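Examining the three-dimensional arrangement
Listed below, chain by chain, are the residues.
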Amino acid sequence: MWDRVATSREFRDLMDTKKIFIIPAFLFFLVYYFLLPILVGYAPQFMSIKVWGNVNLAYLFALSQFFMAWTIAGLYVRAGDDFDEISRDIIEKSATADKSKGE
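Residues numbered from 1 in each chain as written. Predicted model: local features only at pLDDT ≥ 70, side-chain atom pairs only at ≥ 80, totals over all residues. Heavy atoms only, no water.

1. Description of the side chain of S64
As a reminder, the rule being used: The helix and strand labels rest on DSSP assignments: H or I over at least four residues marks a helix, E over at least two residues marks a strand, and numbering proceeds from the N terminus. The classification of residues rests on relative accessible area computed with a 1.4 Å probe and restricted to protein chains. Under 20% of the type maximum is buried, over 50% is exposed, and intermediate values are partly exposed. Pairs of N or O atoms within 3.5 Å make up the polar contacts considered here, provided that, within protein, one atom can donate a hydrogen while the other can accept it, and that residues adjacent in sequence are counted only when both atoms are side-chain atoms.
Of note, S64 is situated in helix α4 (residues 57–101). Assessed through its relative accessible area of 18%, S64 is described here as buried. At 2.6 Å, the side chain of S64 forms a polar contact with the side chain of Y32.

Written out as structure tokens, the structure is:
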């Protein structure tokens, strides 16, 4: 059963749809994550600009990474609902095909 599902057009479309979300989100976050140490290393004067009291751009950027991670996670959860619906359809179609074949 699994081999048939894995080779089905619907399953490959699901994997392609997931890749359309996951790969850009991963690449964005990876760049965003490594931008902090890069900026602190190569532009320390810029990152040390005080924004509010003793809080500088580096602190704000570091804190923003928490919000960015939660935002990406929230977007994935929202997209995951669509992925789950497509997965249920694939499973139901496969189960129906198995019953009709008597497996």
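2. What to know about the nonpolar core
Put simply, the rule is: Put simply, buried Ala, Val, Leu, Ile, Met, Phe, Trp, Tyr and Cys residues joined by side-chain atoms within 4.5 Å make one nonpolar core. By the convention used here, residues are in contact when the closest approach between their heavy atoms is within 4.5 Å.
Grouped together as the largest cluster of nonpolar side chains are 6 residues: V5, F11, L14, A79, F83 and I90. For this core, the elements supplying multiple residues, two or more each, are α2 (9–42) and α4. For this core, the element with the highest residue contribution is α4, accounting for 3 residues. Excluding residues within four positions of it along the chain, F11 makes contact with W2, V5, A6 and I90. Counting 5 residues, the second-largest nonpolar core is a separate cluster that includes Y32, L36, A58 and F61.

3. Topic: a negative patch on the surface
Which entries qualify depends on this criterion: Residues form patches when they are more than 30% accessible in relative terms and have no salt bridge. Like charges link within 9 Å. Nonpolar side chains (Val, Leu, Ile, Met, Phe, Trp, Tyr) link within 5 Å. In this description, accessible areas are obtained by the Shrake-Rupley approach with a 1.4 Å probe, and a residue is regarded as covered only by the protein chains that are shown. By definition, a salt bridge exists where a carboxyl oxygen of Asp or Glu is found within 4 Å of a side-chain nitrogen of Lys or Arg. Positive charges come from Lys and Arg alone, negative charges from Asp and Glu alone, with His and the N- and C-terminal ends not counted. Charge coordinates come from a single atom per side chain, which is NZ of Lys, CZ of Arg, CG of Asp or CD of Glu.
Among the surface-exposed residues, D81, D82, D84, E85, D89 and E92 lie close enough to one another that they form a single negatively charged patch. Take D82: it is sitting in helix α4.

4. Here we look at the packing of aromatic side chains
Working definition: an aromatic ring pair is given by the centre-to-centre distance plus the angle between the planes. Counted only if it meets this: Here the aromatic set is Phe, Tyr and Trp, taking the six-membered ring for Trp, and pairing holds for ring centres within 6.5 Å; pairs whose planes are under 30 degrees apart are stacked, those over 60 apart are edge-to-face, and all others are tilted.
Within this structure, the stated rule accounts for 6 aromatic pairs. Ring geometry for Y33 and F34: centres 5.1 Å apart, planes at 85°, overall edge-to-face. Three or more aromatic residues joined by ring pairs form one cluster here, namely F21, Y76 and F83.

5. Details of α2
Let me state the cut-off plainly: One less than the residue count of a helix, multiplied by 1.5 Å, gives the span that helix is expected to have.
In this model α2 runs 48 Å from its N-terminal to its C-terminal C-alpha over 34 residues, within 8% of the 50 Å that 1.5 Å per residue would give. Within the span of α2, buried status applies to F11, L14, A25, Y32 and L36.

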